[in-house]
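Geometric and topological summary
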Amino acid sequence: MDKNKIHQIEQDAKNLWNKYDLYKSEISEKPSYCILDFFPYPSGIGLHVGHTLGYIATDIFARFRRMQGNNVLYAMGFDAFGLPAEQFAIQTNQHPEVTTDNNIRNMKSQLEALSLSHDNDRSFSTTDPKYYKWTQWIFTKLYNSYFNNISQKAEAIDDLREKLNSRKFSIQDNQLIESVNHYTEAEITEAINEMRLAYLDDVNVNWCPMLGTVLSNEEVKDGKSERGNYLVEKRPMKQWMLRITSYGDRLNDQLDKLDWPDNIITMQKNWIGRQEGTKIIFPTEHGDIEIFTTRPETVFGVAYIGISHQHPILEKTEGLEKNRVTDSDENTEKLVGYATHPLTNEQIPIWTTDYVLQEYGTGAVMSVPAHDQRDFEFAKKHNIQFKSVIKATYAWLIENYKGNDVPSSQLLDLWKTNPEKFDSAFDIKGPLFYPMQFEITENISLKKQIKHAIEFIEKAKVGKQITNYRLRDWLFSRQRYWGEPFPIVFDVQNNAYSIHEDCLPVTLPKQYDFKPVLNQENAEPPLAKATDWKTVRGIVMENGSVKTLDDNDPKHPGEQIFTRELNTMPNWAGSCWYYLRYMDPKNDNEILSDTAMKYWSSDNVGSIDMYVGGAEHAVLHLLYARFWHMVMFDLGYVSNPEPFNKLVNPGMMTADAYSDSRGFYVDIEDVKLQDNSAFQISTGEKLNIEPGKMGKRYKNGLDPRKACDMYGIDIFRMHVMYMAPITQSRSWDIKNIKGMERFYRSIDAKISSCIVENHKSTDNIVQLHKTIKFVTDEIENMRYNTALASLIKLNNSIEKYTIEDSIKFIQMLYPFAPHISENLYQTIKTNIQSDIEKYSNVNQDLYNTINCLESLAWPSYDEKMLQENTIKLPVNVNGKVRDILEVDINITDDKIKELVSNSEKVMKYVVSGIKKYMIIRKDKPVIVSIII
RNA sequence: GCCCUCUUGGUGGAAUGGUAGACACAGCAGACUUAAAAUCUGCAGACUUCGGUCGUGCUGGUUCAAGUCCGGCAGAGGGUACCA
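Identification of chain A as Leucine--tRNA ligase from Candidatus Cytomitobacter primus is taken from an unreviewed UniProt entry. We quote the UniProt Catalytic activity (unreviewed entry) comment for chain A here in full: "tRNA(Leu) + L-leucine + ATP = L-leucyl-tRNA(Leu) + AMP + diphosphate".

Laid out in structure tokens, this is it:
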């Protein structure tokens, strides 16, 4: 293949599209369609071909939709704030602003190489103050809103103040209840602060000393940071939190309305971890302990209360303070006191345990060793007496009693009196030994048992049914420089205020020491070093926000000195709402205009029609973005309850990685392949070959610019799409690309000859129409590999096209291979226009009024062409095909039987007589099935 | 441990419960060529006594009919965890 010719074709096509501004998307009469890739982070090493999978997929879809008459919103910006960008800057000893700009420029050039049809006027970076102004603005909305549990939505904090001032409502456990309050002014303010969707809290955070910052639960994996894999420890700190748990139910339930892959939905549900259970109060002399259980029917089997090492009651228990250690080397499980069983008044021992987590439930459990395996093991270890309350099954009893001294008929009695003699806990639901304890007199089903136990406990006023979530509130502060500053200031009494809307954005101070303080106790965030920036003059406005004053502003009588919040936001902040900004990227007055929002948003549940990106963000970005969107929805800034309607996860790209004898990976640039072996070019050493995920770690990432340069953009695109279904992971393999080169050469030759010959008819017109129908359907469902296969098949089956039919073929090829398709179309146009007489048979509209191929309407097929008069009808004998008959589509059953009895191939199997004779029809005959 | 996904020729992969292996790569044979490359035309799941037989990880079931639906098992990948 002539590389220069291909590159010329590419350049010509790009110039043409630029000339006609093909990818500008302005609000118009056309129906809108939003297609979106996951927000990319512009990394220092840039993209590899694995990343292109999703980008090519969306580009194909965008081009297809435009050809179908949609106005497509398709753009790409950059998620450039955050830890990785900052770490990269530190490593390369440059300011993050510089590295970020360089990285964005590099990535833009890579995207340019792929020739994606983005509307570049809608691109932006989260680090642009014009963008993060609105990220901060959303934060002020979160700060000035609360979740009204009665209406189940976010409402303005001023409404809450009004409600509390009316005295008709009070607050209990962060819930608004209809009950008279006698709060003082200060108590009302305090209650309001505790209800905000963005609030300050003293929390035990995941502190990462090597990164010098805290991390959210979602960013920590196996006690290590997701970024960098550094050790993470627990440390109490005052931090900004976002009340995502209020949305637990909606985040969980609305998942079912989305067109998302099942596994992502499952992962989100698991992460949210909604669980119905019961809260029961066990009083102690130092105050109540609340426990959470899902098995309230075992409450009479409690042997001890298990609490976490961080449980607050430990602080009140004098002399037990020293038990508050987290050193796991020692055995720290200790008896720390007694609680009263609320139903029996028995004294129940309280133990600190390693297995109860403060972060889940109430940090305390009622331990029922007979019916919970961990409790069982703990009780055995510490010699705690326990009893059983549920009848174990016979099979289980035999299985779990190893002694020979008890006849099997007496095992249940033994279980009743001495459950500790068995090997494990019976943790399945079963009938109770003493149902009368719950005032159960008659037989009720196991299902009703728990429900009844809850009612009993509620009636006794010792507990109640609650819903518990694994999901925690979102820790939103980072002790780093490279993030959005919080739009928050504190007065001298340390009261927090949000910055007035007119004073946004709060920009990051420039040009100073941005490096975090590492490995130091009580280190302040880097912004503390920005002494000029740190404090600001301001006035408290009527709505409670603070208007900040410039150095140039004259002295104001009511002004005070405020200190700025020194933490910054995590990189998830900017990516939580970027998809909305694409709809109205230049708007400085509003986050997005109502007109833009209404025009671009989908008519479905989610604003964005199609969202394409990897499964690695299943619980991070996708959960956070949904939460912000729900708040925006409640406050009336968006009209769809969800952000993303359809979600597609492209598969991963793996590739061979090469390591030397020491086990170090060698960059693929430095590898030469020969006879199935790999050699290092610089040293000549023979290398080991092993597969791995494409990327930095294995040094096996291939720059898409290089692939496009070698093979041409279109050939590369088709090859990548033809490899496998889009959702499937695949290993990078270049040898099959030959097939695509042959395909292109064949098309090029065929169309060129058709232009010269100007055929009056097309060979296999039926196949063409079948393919139009098939390809349309396959692209619609992103089955690009089969769409391409059918185009190849069509090309193989047709030698001669009319000009008009050849254009139909080129159109179908266009979403996959836009440059060569455009080139073929332009060639046809030029030829026709140079000899109008010769081509007088061709519809002039096809070449006179259309500038670019994309402006032609997507080809339609003729339904009549697809109707077949005869079909192939297989004849099965005992499930095996014995003959295939060519029959008329309207053939009668009698006629089929006649044909079958004339078939020697069939009749030689049915000599012994027929048991069953079936002719299966679905609109037309499908199969004949004979059983002998 | 629990949850999810996957398992089809030498390879990547096709198959609304209805002819398994579309399409492509690699391979083989032939044509063209001094030769090679490129191109074109064929052949191609395995076994076979050439009649057929067996074939979608293994195993059982539903069905006239199962790669496809249901149960069990094994292997690979991903997620998650002292979650009460």
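On we go.
This part is about the overall build of chain A. Counting its regular elements, chain A contains 30 helices and 36 strands. Judged by the C-alpha coordinates and their principal axes, chain A covers about 100 × 100 × 70 Å. Split into buried and exposed, the 932 residues of chain A put 53% on the buried side. Here the analysis covers contacts within chain A between residues at least 6 apart in sequence; of these, 70% occur between residues at least 24 apart. Working note: accessible area of chain A is about 43,800 Å², and carbon and sulfur atoms make up 48% of it.

In this section: the packing of helix α21 (residues 713-722) against helix α26 (residues 818-834). Closest axis-to-axis distance for the α21/α26 pair is 7 Å, and the angle between their directions is 125°. Classified by the interaxial angle, the pair formed by α21 and α26 is oblique. Seen from α21, the contacting residues are I713, D714, R717 and M718; seen from α26, they are P818, H819 and I820. Class assignment of the residues belonging to the contact of α21 with α26 gives a composition of 4 nonpolar, 1 polar and 2 charged.

In this section: the state of the cysteines. For the structure shown, the criterion picks out 0 disulfides. Cysteine C34 is unpaired, with the sulfur of C576 as its nearest cysteine sulfur at 18 Å.

Bringing the environment of V631 into the picture now. Within the secondary structure, V631 is located in helix α19 (residues 621-634). Here V631 falls in the buried class, since its relative accessible area comes to 3%. Each C-alpha atom of the pair V631 and D670 lies 51 Å from the other, and the pair is 39 residues apart in sequence. Discounting chain neighbours no more than four positions away, the residues touching V631 are L142, A154, L197 and Y247.

The next subject is the sheet that holds strand β26 (residues 642-648). The sheet built from 4 strands is open, its strands ordered β2-β1-β25-β26 with parallel pairing. The open sheet has two free edges, formed respectively by β2 (71-73) and β26, since each of these has just one partner strand. When strand polarity is set aside, the average angle formed by the axes of neighbouring strands in this sheet is 35°. Of the strands in this sheet, β25 (606-612) and β26 are in contact with α19, which crosses β26 at around 150°.

So, about empty space enclosed by the protein. Summed over the entire model, instances satisfying the criterion amount to 2 cavities of 30 Å³ or more. Estimated volume of the largest cavity: approximately 80 Å³. Along the walls of the largest cavity sit G82, L83, E86, E219, R478, R480, W482, T568, M569, P570 and N571, which together make up its complete lining. Of the residues contributing to the lining of the largest cavity, the split by class is 4 nonpolar, 3 polar and 4 charged. Volume-wise, the second largest cavity comes out at about 40 Å³.

Per the UniProt record, "domain: Aminoacyl-tRNA synthetase class Ia" (unreviewed entry) is found at residues 15-144. End C-alpha atoms of residues 15-144 are separated by 50 Å, and the span's content is 52% helix alongside 7% strand.

What follows concerns helix α11 (residues 373-381). Residues of α11 that are buried: D375, F376, F378 and A379. The buried residues of α11 all sit within an arc of 170° when viewed along its axis, so they share a single face. Of the surrounding secondary structure, the elements contacted by the buried residues of α11 are β14 (304-307), β16 (347-352) and β17 (364-367). Capping of α11 at its N-terminal end is provided by D372; its side-chain oxygen lies 3.0 Å from the backbone amide nitrogen of R374. Positive phi appears at N383, one or two residues downstream of α11, with a value of about 55°.

Adjacent strands of a sheet pair through backbone hydrogen bonds, lying either parallel or antiparallel. In space, the 4 strands of this open sheet follow the order β8-β7-β11-β19, with antiparallel pairing throughout. Taken across any chain shown, the strands that pair with only one partner, and hence form the sheet edges, are β8 (213-215) and β19 (474-475). Relative to β19, strand β11 (residues 233-242) runs antiparallel, the two sharing 2 bridges. Counted as the bridge partner of M241 is L475 from β19. Together, β7 (198-208) and β11 form the strand contacts of helix α5 (residues 129-143), whose direction differs from that of β11 by roughly 90°.

Looking at chain A, pLDDT values average 89 and 97% of them are 70 or higher. Here residues 320-330 scores under 50 on pLDDT; set against residues more than four positions off or in separate chains, the count is 15 contacts.

What follows covers the domain arrangement of chain A. As assigned here, chain A comprises domain 1 (28-126 + 246-270 + 571-652 + 707-725), domain 2 (275-468), domain 3 (653-706), domain 4 (735-865) and domain 5 (868-931). Between domain 4 and domain 5, the C-alpha centre-to-centre distance is 39 Å.

In the neighbourhood of RNA strand B, 51 residues make up the surrounding shell, with Y360, P725, Q728, R742 and I931 lying closest. What you see for RNA strand B is that sugar and phosphate hold 67% of its atoms within 4 Å of the protein. Between a sugar or linking oxygen of RNA strand B and a side-chain N or O atom of N736, the distance comes to 2.7 Å. Contact between RNA strand B and K793: a sugar or linking oxygen at 3.1 Å from a side-chain N or O atom of the residue. Within the residue set of the surface near RNA strand B, elements represented by two or more residues are α9 (262-272), β13 (287-293), α22 (737-757), α24 (784-797), β33 (870-877), β34 (880-888), β35 (916-922) and β36 (924-931).

Here we come to the side chain of H819. Relative to the assigned elements, H819 resides in helix α26. When its relative accessible area of 0% is taken as the criterion, H819 is described as buried. A polar contact of 2.8 Å, which involves the side chain of H819, links it to the side chain of S115.

Closest axis-to-axis distance for the α22/α24 pair is 11 Å, and the angle between their directions is 45°. As summarised for this structure, α22 and α24 are arranged oblique, according to the angle between their axes. In the packing of α22 onto α24, the handedness of the crossing is left-handed. Where α22 abuts α24, its residues M740, F743, S746, I747 and K750 lie against L791, I792 and N795. Tallied by class, residues from the contact of α22 with α24 come to 5 nonpolar, 2 polar and 1 charged.

The full count for this structure, using the stated rule, is 52 aromatic pairs. With a centroid separation of 5.6 Å and 80° between ring planes, the pair formed by Y497 and F562 is classed as edge-to-face. You can see Y497 sitting in strand β21 (residues 496-498) and its partner F562 sitting in strand β24 (residues 560-564), a full 65 residues away along the chain. With respect to burial, Y497 and F562 carry one shared label: buried. Judged by centre distance (4.0 Å) and plane angle (25°), the ring pair of Y611 and F644 falls under stacked. One end of the pair, Y611, is in strand β25; the other, F644, is in strand β26, with 33 residues separating them in the sequence.

Here we come to the pairing of β14. With burial as the criterion, each face of β14 is covered, one bearing Y304 and G306 and the other bearing I305 and I307. Note that β14 and β17 share 4 bridges and pair antiparallel. Bridging from a neighbouring strand, I307 pairs with A364 of β17. When β14 meets β16, the two strands line up parallel, connected through 3 bridges. The residue of β16 that forms the bridge with I305 is I350.

Here we take up unusual backbone geometry. What you tend to see is this: most non-glycine residues have negative phi, and most peptide bonds are trans. That bond from L504 to P505 is cis: its omega, 0°, falls within 30 degrees of zero. Relative to the elements of secondary structure, P505 occurs in the loop between β21 and α15 (531-534). The phi dihedral of R167 falls on the positive side, at around 70°, and the residue is not glycine. Relative to the helices and strands, R167 is located in the loop between α6 (157-165) and β5 (170-172). R167 gets classed as partly exposed once you look at its relative accessible area, which sits at 33%. One non-glycine residue, N345, lies in positive phi territory at about 65°.

Rules used throughout
Residues numbered from 1 in each chain as written. Chains lettered and ligands numbered in written order. Predicted model: local features only at pLDDT ≥ 70, side-chain atom pairs only at ≥ 80, totals over all residues. Heavy atoms only, no water. UniProt positions renumbered as here; feature names shortened; annotations may be inferred. Helix = DSSP H or I, 4+ residues; strand = E, 2+ residues; numbered from the N terminus. Buried < 20%, exposed > 50% of the residue type's maximum accessible area, 1.4 Å probe, protein only. Contact = heavy atoms within 4.5 Å. Areas by Shrake-Rupley, 256 points an atom, 1.4 Å probe, with all protein chains shown as cover. Axes fitted to C-alpha atoms, helices over the stretch in contact; angles between N-to-C directions. Parallel < 35°, antiparallel > 145°, perpendicular 65-115°, else oblique. Nonpolar A, V, L, I, M, F, W, Y, C, P; charged D, E, K, R; others polar. Disulfide = S-S within 2.5 Å. Pairing = 2+ DSSP bridges. 1 Å grid on protein atoms, 1.4 Å probe; cavity = no way out; pocket = protein on both sides within 12 Å on 5 of 7 lines; lining within 4 Å. Points joined across faces, edges and corners; volume = space filled by probe spheres on them. Arc of directions from axis to C-beta. Polar contact = N/O pair within 3.5 Å; in protein donor to acceptor, adjacent residues only side chain to side chain. pLDDT = per-residue confidence, 0-100. Domains from an automatic or database assignment. Near = heavy atom within 4 Å. Left-handed = near helix turned anticlockwise from the far one by under 90°. Phe/Tyr/Trp six-rings, centres within 6.5 Å; stacked < 30°, edge-to-face > 60°.

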